[in-house]
Each structure stands twice: as C-alpha cells, then as structure tokens.
Amino acid sequence: LVKSDLYPNLNEVMEMLEQQSPLKLTFARANTSAQTSAKRMLSSSPLSLEVESANKFNVDAPNFEQLGCQFAVGYNGTDIVVKSITGVEGIFQRQLKDVKKSIIGSFIESIDGEVIPSYVTPQIIINAINRRWTTNGQVEITFCNEKQRDAVR
C-alpha cells in the first residue's frame, strides 16, 4: 500500500484485513540468534527492525476472525506489530459445531470405517487419524454416544 509515501495507520490496516478474504500475510521477526541476549539488549533498538535479516514466515487464514492475532502500533509509531496471539477454532471444531449435536459423552467408534477396539490408547488413535489424513487428505471419524447406544439396545 502506497499512500503518498506514508505508512498506513493501525485503523487502515485493520480495515483492510477485515475486508480481505482469504488472507495471505507475511510476518517478520527480528533475527536474534546471532547475538547473546545481553549484547542484544545493549546494542539493539526496539524502534528498528532490519527486514532483510529478519526471520520471515507466511500465514494463510480464510478470514480475519481465523487469523488469531491482535495488532498494535510499534514503538516507532509507524510499525504495525502483533500484540498477542490467540487460539482459533480449526476446521474440525467448526465442523463439529455445524453438526448441532454434542459429542460430550461420546467415544470414537471408527476411523474411516474401521472399528476402534476398546483397548487402544489415545496415542494409537491420534497416529491412525494422522496417517489417514496424510494419506487421503481427509478422514471420517464416527462417534458413538454410549448412553444413547445402550438405550437403543
């Protein structure tokens, strides 16, 4: 964004983020691994960030609500910085909400149609889900509410 050689202010950035969907953002974090923390505190200024030497990473989010960041103005008055990071609902959580039925009191009955024996550990279940997700790009998990199952029998 170029606005007569001025940086956009926080409100303008927030407005842009809320209007765009999906979001593809690049964040920069100061590269601090080269110096000891004492030397870094004595020689570095919180007012500057050398973008060329910074660690950069990309974040994709379907919309602003799924970004999980709160922004603020940096020490120099022009930089927009991440003030805090919060957890957001993932795809799995959103899909469970869409079902409109509670899974409280339920257990995993099957993964991709394969029944889960009662003796398996949570780690085995997680490994099976990860393996199926990696192989197929999707996984079908069937939950069973034990109380409702026993009432039907």
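To be clear, the structure that these remarks concern was listed above.
Keep in mind that what you see is a predicted model, and the values were worked out from it rather than measured.

**Quick notes on helix α4 (residues 122–136)**
With 15 residues, α4 extends 21 Å from end C-alpha to end C-alpha; this agrees with the ideal 21 Å at 1.5 Å per step. After α4 finishes, the residue G137 shows a positive phi value of roughly 75°.

**Some remarks on the nonpolar core**
Soluble, globular proteins show a tendency: their nonpolar side chains are buried together. By size, the foremost hydrophobic cluster in this structure holds 11 residues: V13, M14, L17, L23, L25, F27, A61, F64, L67, C69 and F71. Residues contacting F71, with those up to four places away along its chain left out, are L10, M14, L17, F27, F64, I80, V81, V82 and K83.

**Describing the packing of aromatic side chains**
Enumeration according to the criterion identifies two aromatic pairs in this entry. Ring centres of F27 and F57 lie 5.7 Å apart, and the angle between their planes is 15°; on these two criteria the pair is classed as stacked. Linking F27 in strand β1 (residues 23–29) with F57 in strand β2 (residues 55–61), this pair joins segments that are 30 residues apart in sequence. Judged by its relative accessible area of 42%, F57 falls in the partly exposed class. Summarising the aromatic geometry, the rings of F27 and F71 are spaced 6.4 Å apart at their centres and angled 0° between planes, so their arrangement reads as stacked. Of this pair, F27 sits in strand β1 while F71 sits in strand β3 (residues 69–73), and the two are 44 residues apart along the sequence.

**So, the sheet that holds strand β5 (residues 106–111)**
Taken together, the three strands give an open sheet; going across it, the order is β6-β5-β7, and neighbouring strands pair in antiparallel fashion. Every interior strand has two partners, whereas the edge strands, β6 (114–115) and β7 (141–145), have only one. Note that β5 and β7 share five bridges and pair antiparallel. Bridge pairing in β7 places F107 opposite C144. The sheet strands contacting α4 are β5, β6 and β7, and the helix crosses β5 at an angle near 45°.

**What to know about the pairing of β3**
In terms of strand pairing, β3 meets strand β4 (residues 80–85) through five bridges, oriented antiparallel. In the sheet register, A72 faces β4, and the bridge partner there is V81. Between β3 and β4, which follow one another and run antiparallel, lie six residues, and G77 among them has a positive phi close to 85°.

Procedures and definitions
Residues numbered from 1 in each chain as written. Predicted model: local features only at pLDDT ≥ 70, side-chain atom pairs only at ≥ 80, totals over all residues. Heavy atoms only, no water. Helix = DSSP H or I, 4+ residues; strand = E, 2+ residues; numbered from the N terminus. Expected span 1.5 Å × (residues − 1). Core = buried A, V, L, I, M, F, W, Y, C linked by side-chain atoms within 4.5 Å. Buried < 20%, exposed > 50% of the residue type's maximum accessible area, 1.4 Å probe, protein only. Contact = heavy atoms within 4.5 Å. Phe/Tyr/Trp six-rings, centres within 6.5 Å; stacked < 30°, edge-to-face > 60°. Pairing = 2+ DSSP bridges. Axes fitted to C-alpha atoms, helices over the stretch in contact; angles between N-to-C directions.

Spatial relationships are all this shows, so hold off on functional conclusions.
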